[in-house]
Amino acid sequence: MNDHTLRVLEFGRVLDRLAAEAAFSLGAERARALRPATDFATAHELIRQTAEMRLLDQLGIDIPFSGARDVRPSIKAAAIGQLLEAGALLECAQVLTTARRARLVLEKVRDRVPLLAAVGDAIGDFRGFADEVERAISPRGEVLDGASDQLALVRRELRAAEARLEQRAQAALADALRKGAAQEGLLTERNGRKVIPVRSDSRSLVPGIVHDVSSSGATLFIEPFAVVEAGNAVRELRLAEEREVRRVLQRLTDLLGARAEEAMRSVEALGELDLIHAKAKLARKMQAALPPPGDVDGWFRRDGATRLVRARHPLLRGTVVPIDVEVGDSPLGILITGPNTGGKTVALKTVGLLTAMAQAGLGVPCDDGSRVRFFRKVFADIGDEQSIEQSLSTFSSHLRNIIAILGEADAETLVLLDELGAGTDPAEGAAIARAVIEELLDRGTTVVATTHHGELKLFAHGDPRLANASVEFDLETLSPTYHLVVGLPGQSNALAIARRLGLDERVVERAADQLAPGHFELEALLDEIRAQRREAEAAKAAAERAREEAERLRRELALEREHIEEERAAVLAEARREADDALARMRREIEQLRRRSAERRFDPVAAQEAIRQAEGERARLARSAAPRRPAAAPVISREIEPGDLVHVRDIPQLGEVLAAPGEDGRLDVQFGSIRMKVSIDRVDRVEKRRSDGDRVVVPVGPPVSHEIDLRGQRAEAALERFETYLDAAFRAGLPFVRIIHGKGTGALRAAIREALARHPLVRGYESAPAAEGGDGVTIALLAG
């Protein structure tokens, strides 16, 4: 794909948009240098990388690029031993740390994005270098005292020397002020030395070294002799500090320089990941359906046809009219006709530009159902490239390009020809255009061409390898609609346009008389075909709307039915719970009657009859509350989306959907810690995940102790208290309770255990271990 083709297709402007999405300058540099791949394996890999990045975007996984910079110049300098400043070393450490974080992210999802993980494998581990830099250099780029023991010692001595210097300088200033020699009570510095501003006529009052004179000569800046020695000490320590700082920086520079090649590869890999990330971001902004997340093979192929569904030119602004086109197999070529400024060239460029974008690994702005064929070579002859210097006319420049194309075109080539046969005698131009198209078709070359020549419309109609196409024109508004219609040639419309613009009717009639009668018959036939086609499209659109409306109603009814089923299940569950509570309450009351009958000679037969009646009532309630099998299979009321909760047949646990159904009709579902693929046919019901604000909070009851002490109480009172406690313990969800009744005569223990043996909330009991009370304590295991 030569530079001329990319230039006329405006591929560079697409790369500018891509570069704007990059996180740092290296990614932008790689974006502007991007070129479409000319072999299928490379193009396939580029697209897979973008598809994997879009998959990460869909999963909500971000690759870190914060702090990324192009530090390659610093790494190259370190490689040759050139000292790096503290800021440059800090920047290198930050970038290499960011690169390592990116690698760790990709390492965790290697099974989902193997190509991206392979790019990340080039990133090295520079934690040792980064840790050394962090210990030695502050976030503001200053070398810290702790960078070395020697630096810490020198700086301690320097601070002490500066304090002594300040003290002596302040004393000298006070003396100068007392003598009236100093102009103001402030110290200043000249050439790194502490000086006092002294009037020139008082020079003799302040003995010392003159370091500077004001512009007027009225003020001398004198370093008093009393502070010279202290100033010298400070100067020496500052020089020592500078030497030690340079030694620290040189040590860190050598650490980086020793692994310069690995560091360079790491930064390059981070730039490559930034480029792929920019591709995914641009694809999202263009609403590109291709490449879909994680998929390539389903739409990018070595042979077959390119089919673009609602394709949009990526550089057009405002409301863009999409086009549908299929070319490259049957038919092998398309001939587009229509008025000027009607969109012929845009349609031509859209096919070529989207092909180049796909082979460069960029997103393709079109809708689902599209596919793109790989072309080893793409040539384009678009626009007027006449040259006065080379004495080339419009026709000559076009012909020169066509000659070059014919020299290389083959069955793996896409050729785009704009205004074929223009710029010369119409008859000869049409003949040359037909010959060129036939030659290309004979070679198996895929051709998309635009023309105004009517003869070529008939040629395209008669050759099964070539299809007519046209861009529509609205005669009422005298403006193009930009809709591409494949299968019909374009109409001339010249006479109609002339008439609507006000050309004298006699002139229009005279022009019409010059045309052959068959011309008007053809135009009338085309008008009729177009009208029938519009009616068919309108009917199809109406049918589609009706289908969508029916589908909407079906889903609404299914959703309503689902809600009814949920409400019914809730009502039945509540009824069962109330029945169980009522029965448990009845059984407790009957048990109390039975115990009292033993003491007060109540009729036990009546109590047993009450029990039988209660059991019958319970069975009746259970039968009435039993769930009924729905008459029909469950209907999924809407599209299943990631994050939905699903009820799957034969699996008792609720599952979370991780990805939308694939082409095989199966879902990725997470059941707790287990992930599995489930056929959509097994899904009984779909629920939206509740947000935190929608969650139902069940209030927790008061805490209940695990034991109750009944010692010293009469049996009847103890049993009543025991009944109340046992009910509270069961509702609190306790698995067991300890009942302390003591040993004594054994009467209270016998009464308690007799009650436990028949209690509906108890599934068993036993004596406590000897160390925990033995027979004086009974442990009851609660139901549930």
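Residues numbered from 1 in each chain as written. Predicted model: local features only at pLDDT ≥ 70, side-chain atom pairs only at ≥ 80, totals over all residues. Heavy atoms only, no water.

1. Here's the deal with the overall build of the protein chain
Within the protein chain, the regular secondary structure consists of 21 helices and 23 strands. Burial analysis of the protein chain (784 residues in total) assigns 42% to the buried set. Roughly 41800 Å² of accessible area belongs to the protein chain as shown, and the carbon and sulfur atoms make up 51% of that amount. (Helix = DSSP H or I, 4+ residues; strand = E, 2+ residues; numbered from the N terminus. Buried < 20%, exposed > 50% of the residue type's maximum accessible area, 1.4 Å probe, protein only. Areas by Shrake-Rupley, 256 points an atom, 1.4 Å probe, with all protein chains shown as cover.)

2. Brief notes about helix α11 (residues 260-285)
Between the first and last C-alpha of α11 there are 37 Å, a value that for 26 residues agrees with the 38 Å anticipated at 1.5 Å per step. In the stretch just after α11, Gln287 is the one whose phi turns positive, near 55°. (Expected span 1.5 Å × (residues − 1).)

3. Remarks on unusual backbone geometry
Residue Leu290 is joined to Pro291 through a cis peptide bond whose omega torsion reads -5°. Position of Pro291 relative to the elements: it lies in the loop between α11 and β5 (300-301). At the junction of Ser330 and Pro331, the peptide bond is cis and its omega measures out at 10° in the coordinates. At Glu419, a position not held by glycine, the phi torsion is positive, near 50°. Position of Glu419 among the secondary structure elements: in the loop between β11 (413-417) and α14 (426-442).

4. Topic: the sheet that holds strand β23 (residues 777-782)
Ordered by their spatial adjacency, four strands build an open sheet running β20-β21-β23-β22, and the pairing between neighbours is mixed. Edge positions in the sheet fall to β20 (707-709) and β22 (762-767), since each has one partner strand and no second. For this sheet, the mean inter-axis angle between neighbouring strands, taken without regard to orientation, is 20°. Bridge analysis of β20 against strand β21 (residues 736-740) gives three bridges, and the strand direction is parallel. Each residue of the ladder has a partner; that of Ile708, found in β21, is Ile739. Across the face of the sheet, helix α21 (residues 747-758) comes into contact with β21, β22 and β23 while running at roughly 150° to β22. (Pairing = 2+ DSSP bridges. Axes fitted to C-alpha atoms, helices over the stretch in contact; angles between N-to-C directions. Contact = heavy atoms within 4.5 Å.)

5. Regarding the environment of Pro139
Mapped onto the fold, Pro139 is located in the loop between α8 (127-136) and α9 (149-179). Residue classification places Pro139 among the exposed residues on the basis of a relative accessible area of 79%. Placed 52 residues apart in sequence, Pro139 and Gly87 show a C-alpha to C-alpha distance of 8.8 Å.

6. Some thoughts on the nonpolar core
Ranked by internal contacts, the top residues of the largest apolar core, which has 58 residues, are Phe11, Leu18, Phe300, Met357, Leu362, Val448 and Leu484. Ranked by residues supplied to this core, first place goes to helix α12 (residues 344-359) with eight residues. For Val448, the contacting residues outside a window of four places in its chain are Val327, Ile334, Ile336, Leu348, Val351, Leu414, Val415, Leu416 and Leu417. (Core = buried A, V, L, I, M, F, W, Y, C linked by side-chain atoms within 4.5 Å.)

7. Description of the confidence of the model for the protein chain
The share of residues in the protein chain with pLDDT of 70 or more is 84%, and the mean pLDDT across the chain is 82. In this model residues 386-392 is a low-confidence stretch, pLDDT under 50, and it forms seven contacts with partners more than four residues away in sequence or in other chains. Here residues 628-634 scores under 50 on pLDDT; set against residues more than four positions off or in separate chains, the count is five contacts. (pLDDT = per-residue confidence, 0-100.)

8. Quick notes on empty space enclosed by the protein
For the coordinates displayed, the defined rule picks out three cavities of 30 Å³ or more. The volume enclosed by the second largest cavity comes to roughly 70 Å³. At four residues, helix α13 (residues 394-406) tops the list of elements feeding residues into the lining of the second largest cavity. Here the residues of the lining of the second largest cavity sort into seven nonpolar, two polar and two charged. (1 Å grid on protein atoms, 1.4 Å probe; cavity = no way out; pocket = protein on both sides within 12 Å on 5 of 7 lines; lining within 4 Å. Points joined across faces, edges and corners; volume = space filled by probe spheres on them. Nonpolar A, V, L, I, M, F, W, Y, C, P; charged D, E, K, R; others polar.)

9. What about the sheet that holds strand β1 (residues 188-190)?
An order of β1-β2-β4-β3 is seen for the four strands of this open sheet, with the pairing classed as antiparallel. The sheet is open, and its two edges are formed by β1 and β3 (208-213), each paired on a single side. Looking at each pair of strands side by side, their axes are set apart by 50° on average, direction ignored. The sheet contact formed by β1 and strand β2 (residues 193-199) spans three bridges and is antiparallel. Looking across to β2, one finds that Arg190 is bridged to Arg193. Strands in contact with helix α10 (residues 225-258) are β2, β3 and β4 (219-224); relative to β4, the strand with the most contacts, it is inclined by about 70°.

10. Notes on the packing of α9 against α10
Two elements in contact, α9 and α10, have axes separated by 9 Å at closest approach and are oriented at 160°. In terms of axis orientation, α9 runs roughly antiparallel to α10. Handedness of the α9/α10 crossing: left-handed. Across from Gln150, Leu151, Val154, Arg155, Glu157, Leu158, Ala161, Glu162, Leu165, Arg168 and Ala169 in α9, the residues of α10 making contact are Ala226, Val227, Ala230, Gly231, Val234, Leu237, Arg238, Ala240, Glu241, Glu244 and Val245. Its residues assigned to classes, the contact of α9 with α10 shows 13 nonpolar, two polar and seven charged. (Parallel < 35°, antiparallel > 145°, perpendicular 65-115°, else oblique. Left-handed = near helix turned anticlockwise from the far one by under 90°.)

11. Description of the packing of aromatic side chains
According to the stated counting rule, one finds four aromatic pairs in the structure shown. Ring geometry for Phe40 and Phe300: centres 5.5 Å apart, planes at 0°, overall stacked. Linking Phe40 in helix α4 (residues 40-59) with Phe300 in strand β5, this pair joins segments that are 260 residues apart in sequence. Residues Phe40 and Phe300 agree in their burial class; the two are buried. Ring geometry for Phe40 and Phe374: centres 5.7 Å apart, planes at 80°, overall edge-to-face. In this pair, Phe40 sits in helix α4 while Phe374 sits in the loop between β9 (372-373) and β10 (377-381), placing the two residues 334 residues apart along the sequence. Accessibility expressed as a relative area gives 15% for Phe40, which makes it buried. In this structure Phe374 comes out as buried when scored by relative accessible area, which is 4%. Linked through ring pairs, Phe40, Trp299, Phe300 and Phe374 together constitute an aromatic cluster. (Phe/Tyr/Trp six-rings, centres within 6.5 Å; stacked < 30°, edge-to-face > 60°.)

12. Description of the packing of α4 against α11
The N-to-C vectors of α4 and α11 enclose an angle of 70°; their axes lie 9 Å apart at closest approach. The angle between α4 and α11 places the two elements in the roughly perpendicular class. Taken together, the residues of α11 that come into contact with α4 (itself represented by Leu46, Gln49, Thr50, Met53, Arg54 and Asp57) are Glu272, Leu273, Ile276, His277, Lys279, Ala280, Ala283 and Arg284. Class assignment for the residues of the contact of α4 with α11 results in six nonpolar, three polar and five charged.

13. Looking at the pattern of salt bridges
Close approach of charged atoms allows side chains with opposite charge to pair. In this structure the tally under the stated criterion is 52 salt bridges. In this structure, Asp175 and Arg178 form a salt bridge, with 2.5 Å as the shortest nitrogen-oxygen distance. Taken as a pair, Asp175 and Arg178 lie in helix α9 at a separation of three residues, close to a single helical turn. By relative accessible area, Asp175 is classed as partly exposed at 26%. In this structure, Arg312 and Asp367 form a salt bridge, with 2.9 Å as the shortest nitrogen-oxygen distance. Of this pair, Arg312 sits in the loop between β6 (306-311) and β7 (323-327) while Asp367 sits in the loop between α12 and β9; the two residues are 55 residues apart in sequence, bridging distant segments of the chain. Residue Arg312 is classed as buried on the basis of its relative accessible area, which comes to 15%. Among the ionic contacts, a cluster of salt bridges with common partners joins Glu29, Arg30, Asp70, Arg72, Glu268 and Glu272. (Salt bridge = Lys/Arg side-chain N within 4 Å of Asp/Glu carboxyl O.)

14. Describing the side chain of His44
The topology assignment puts His44 in helix α4. Not counting residues within four places of it along the chain, the set of residues in contact with His44 comprises Val296, Asp297 and Phe300.

15. Thoughts on the environment of Val296
When you line up the elements, Val296 lands in the loop between α11 and β5. Separated by 245 residues in the primary sequence, Val296 and Ala51 place their C-alpha atoms 7.0 Å from one another.

16. Notes on helix α20 (residues 715-731)
The terminal C-alpha atoms of α20, which comprises 17 residues, lie 24 Å apart, in line with the 24 Å expected from a rise of 1.5 Å per residue. Of all the residues in α20, the buried ones are Ala718, Leu719, Phe722, Glu723, Tyr725, Leu726, Asp727 and Ala729.

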